[in-house]
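So you can see what is in the structure, the chains are spelled out below.
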Amino acid sequence: MESFHKLEIWAMLISLVAFFQLGEGFYLPGSYPHKYGIGDYLNMKVNSLTSIDTEIPFSYYSLPFCQPKEGIKDSAENLGELLMGDRIENSPYRFKMYTNETDIFLCQTKPLSAHEFKLLKKRIDEMYQVNVILDNLPAIRYTKKDGFMLRWTGYPVGVKVQEAYYVFNHLKFTVLVHKYEETNVARVMGTGDAAEVISTVGNDGSDAPGYMVVGFEVVPCSFQHNADTLKKLKMYGKYPSSISCDPGTVAMAIKENEPVAFTYEVSFVERDIKWPSRWDAYLKMEGAKVHWFSILNSLMVITFLAGIVLVIFLRTVRRDLTRYEELDKEAQAQMNEELSGWKLVVGDVFRAPTNPSLLCVMVGDGVQILGMAVVTILFAALGFMSPASRGTLITGMLFFYMILGIAAGYVAVRMWRTIFCGDHKGWVSVSWKVACFFPGISFLILTVLNFLLWGSHSTGAIPFSLFVVLILLWFCISVPLTLIGGYFGAKAPHIEYPVRTNQIPREIPSQKYPSWLLVLGAGTLPFGTLFIELFFIMSSLWMGRVYYVFGFLFVVMMLLVVVCAEVSLVLTYMHLCVEDWRWWWKSFFASGSVAIYIFFYSINYLIFDLKSLSGPVSATLYLGYSLFMALAIMLATGTVGFLGSFWFVHYLFSSVKLD
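Residues numbered from 1 in each chain as written. Predicted model: local features only at pLDDT ≥ 70, side-chain atom pairs only at ≥ 80, totals over all residues. Heavy atoms only, no water.

### Describing the pairing of strand β16 (residues 210-221)
For a regular strand, the rule is simple: side chains alternate between the two faces of the sheet. The condition is simple: Three labels apply to residues, based on accessible area from a 1.4 Å probe with only protein chains included: buried if under 20% of the type maximum, exposed if over 50%, partly exposed otherwise in between. A helix here means a DSSP run of H or I that spans at least four residues, while a strand means a run of E at least two residues long, and both kinds are numbered starting from the N terminus. At least two bridges found by DSSP between two strands are what make those strands a pair.
β16 sits mainly inside the fold: ten of its twelve residues count as buried. Taken together, the two bridges between strand β1 (residues 36-37) and β16 define a ladder with antiparallel strand orientation. Looking across to β16, one finds that Gly 37 is bridged to Gly 210. By the bridge criterion, ten bridges tie strand β13 (residues 170-179) to β16 in an arrangement that is antiparallel. What sits directly across from Leu 171, in β16, is Pro 220.

Next up, the structure:
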């Protein structure tokens, strides 16, 4: 009984610590620190070579770099990493915990062939970066510019000075470590000292202090080695003379038919950085204050505008309904003969739209995409998809998208039955179309882009085996779940219309201006909600920056949903007031037209922010992914607008009885 009370007290203490530390940042549950004893080997890994100049990743070993003795081995990768083009492999670099080493010889390559020499020059011209990882931390490089300290992940392959090309062949590593201060005592660790009890006792039960890796920095240098000295050295041997690492000077010029020697040094520095805070250096990128201020400013402005629209709109409709309901029967009969505006289309407002099957399919896919986005961003905001776990965001998106196929099939089939007044014929066909419409277009776009990446021998190309896996996931999980959702939608009662539809459609009066022009212009308000956040998202996608403010993104997304619904409601009411009963598709595109502005913004970003993007392949990849993103946003926002308008029209005509 006493031990039970002790457990209760421990649980309460841990809970209190976790609660008070939540403000310091939530970390991925299940991601624990690795304890290294003094002298334990630390194996550095290499990721794909990347460049903001081409956006095409390549394997580290596609260039003539040193290879490990045991051969090249791929690290375990998840689905998201493969789709993102990450290719994490082992490297020949190895360190011993808390053991400083200098002037370590790694290898000397074979004389550079004409192809290797040309390829190295091309990668230097295209500003490719080498990305290395230690204990799941990418290497950070610091540079000074105009008195400011800039952070970069990775280091450049080389540099061009005048007409000569120099390679960075000596690396100065600094590993920041943090010591376990209390041995033989369990201490609370995790989310900013959060909720996991980790024992600090070594596996062998000894009291020897252990260390955690809390930072990883690199300084690349170009050093000309002595050719005669290199002949006697073996891998990990000591270079006989001292190597001076000066990043401001270059010396190792690459030449055809001449080898390149690689060396490195490593030093360990103890820092008072707690393990959960070790990613702060990557997340505190430049412009963070501007980011927060811009988002807050955008939220306030859009909330104010949306509130005005909502108040004006509700007052207008409520006044119209109240005025009608206060009339006596005789006045109502007289008024029915002199009806105007939206009351005149009572017999046509629920007339089936053109291409009803396509509308139901797009609404179903929109529900699936919107649900996936909301759940994924929510989980990311709670810390379950942190930058520390590469690929989990993409993997989570795919998982949630497949699971939400049930919702897509249900909504699409139920809307189909509603349009046709309860007739459930054709629900299987609608379900199949929902399961194949957006994924089919996505596969078409990705296949075309993948052929371009295959042709470039890029690691960004999806392997054929992964293509097979994606198709199996599509047809073995997503399609059956969508059909199950469609089955439940066919069994569910359809939504009954409050008024009857006339057999002969009412003629729509000619308008002074094209109604579709107003529909396309309606997307400006939703675009204003997210365009500031869109800049930071684009920067993280194409400029190699880390995106981490998922909490703000979730708020912006919820605000976007509200604004999309309001915009479509206003446009639908305006069309009904001018006796235009064809509101179905217009309500969808009133909010869905925001995708047009997002695509135009992507082109603007390409021209003015990605000025260095070179080559038709890179531009085609960028535009292809932008088109894919715009299509997904159109379906999601269009669905919000349509469902909001459908609810409004149903509520409006069920609130007043017109004979």
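### What about the side chain of Arg 141?
In plain terms, the rule: When charges are counted, neither His nor the chain ends are considered; positive counts come from Lys and Arg and negative counts from Asp and Glu. We define a salt bridge as a side-chain nitrogen of Lys or Arg found within 4 Å of a carboxyl oxygen belonging to Asp or Glu. The criterion used for residue contact is that any of the two residues' heavy atoms lie within 4.5 Å.
In this fold, Arg 141 is placed in strand β8 (residues 140-145). No salt bridge is formed by the buried Arg 141; its nearest oppositely charged neighbour, Glu 217, is found at 11 Å. Those residues in contact with Arg 141 that lie beyond four places of it in its chain are Gln 129, Leu 150, Arg 151, Trp 152, Gly 154, Tyr 155, Pro 156, Val 218 and Pro 220.

### Points about the side chain of Ser 458
Relative to the helices and strands, Ser 458 is located in the loop between α11 (427-455) and α12 (464-491). If sequence neighbours within four positions are ignored, Ser 458 has contacts with Ile 56, Pro 57, Phe 58 and Leu 453.

### Looking at the environment of Val 428
With respect to the helices and strands, the residue Val 428 is situated in helix α11. Taking the C-alpha atoms as reference, Val 428 lies 7.9 Å from Tyr 487; in sequence the two are 59 residues apart.

### Focus on the pattern of salt bridges
Proximity of charged atoms lets side chains of opposite charge pair with each other. The final tally for this structure, using the stated rule, is six salt bridges. Arg 123 serves as the salt-bridge partner of Glu 126, at 3.3 Å between the closest nitrogen and oxygen. For the salt bridge of Asp 580 with Arg 582, the shortest nitrogen-to-oxygen distance reads 3.6 Å. Residue Arg 582 is classed as partly exposed on the basis of its relative accessible area, which comes to 46%. Here the residues in one salt-bridge network are Asp 580, Arg 582 and Lys 586, joined through shared partners.

### Brief notes about helix α8 (residues 356-381)
This is how the line gets drawn: The length a helix should cover is 1.5 Å for every residue beyond the first.
When the terminal C-alpha atoms of α8 are compared, their 37 Å separation across 26 residues agrees well with the 38 Å that a helix rising 1.5 Å per residue should span. Burial analysis of α8 places 20 of its 26 residues in the buried class, which makes it a mostly covered element. Downstream of α8 by a residue or two, Gly 383 has a phi angle that is positive, lying close to 95°.

### Points about the state of the cysteines
Which entries qualify depends on this criterion: Disulfide assignment relies on a single distance test, namely cysteine sulfur atoms paired within 2.5 Å.
This model, assessed by the stated rule, comprises two disulfides. Between the sulfur atoms of Cys 66 and its disulfide partner Cys 107 the distance amounts to 1.8 Å. The disulfide joining Cys 66 to Cys 107 has a torsion of about -90° about its S-S bond and is therefore left-handed. With Cys 66 in the loop between β2 (41-46) and α2 (79-84) and Cys 107 in strand β4 (residues 101-108), the pair connects residues that are 41 residues apart, well separated along the chain. For the residue pair Cys 66 and Cys 107, the accessibility class agrees, reading buried in each case. Cysteine pairing for the protein chain (bonded cysteines numbered in sequence order): 1-2, 3-4.

### A few points about a nonpolar patch on the surface
Selection rule: Residues form patches when they are more than 30% accessible in relative terms and have no salt bridge. Like charges link within 9 Å. Nonpolar side chains (Val, Leu, Ile, Met, Phe, Trp, Tyr) link within 5 Å. Surface exposure here means Shrake-Rupley accessible area, sampled with a 1.4 Å probe, where a residue is shielded only by the protein chains that are shown.
On the surface, Phe 451, Trp 454, Phe 464, Val 468 and Leu 472 cluster together to form a nonpolar patch covering roughly 530 Å² of accessible area. The element best represented in the nonpolar patch is α12, accounting for three residues. Assignment of secondary structure puts Trp 454 in helix α11. For Trp 454, a relative accessible area of 33% translates into the label partly exposed.

### Examining the sheet that holds strand β3 (residues 89-96)
Read across the open sheet, the four strands follow the order β3-β2-β6-β7; overall the sheet is antiparallel. On the outer flanks of this sheet lie β3 and β7 (137-138), each paired with one strand and no other. Pairing of strand β6 (residues 132-134) with β7, which is carried by two bridges, proceeds in the antiparallel orientation. Each bridged residue has a counterpart across the sheet, and for Ile 133 the counterpart in β7 is Pro 138.

### Side note on the packing of aromatic side chains
The line we're drawing: To pair, rings of Phe, Tyr and Trp, with the six-membered ring standing in for Trp, must have centres within 6.5 Å; the planes then decide the type, stacked if under 30 degrees apart, edge-to-face if over 60, and tilted in the middle. Two thresholds decide whether a charge sits over a ring: the Lys NZ or Arg CZ must be within 6 Å of the ring centre and within 35 degrees of the ring normal.
Counted according to the given criterion, the structure contains 46 aromatic pairs. Residues Tyr 60 and Tyr 61 carry aromatic rings whose centres are separated by 4.9 Å and whose planes lie at 90° to one another, so their mutual orientation is edge-to-face. Classification of Tyr 60 by relative accessible area gives buried; the value is 2%. Ring centres 5.4 Å apart and planes at 70° place the aromatic pair Phe 451 and Trp 454 in the edge-to-face group. Taken as a pair, Phe 451 and Trp 454 lie in helix α11 at a separation of three residues, close to a single helical turn. Taking relative accessible area as the criterion, Phe 451 reaches 53% and is therefore assigned exposed. The positively charged end of Arg 123 is found above the aromatic ring belonging to Phe 58, 3.9 Å away from the centroid.

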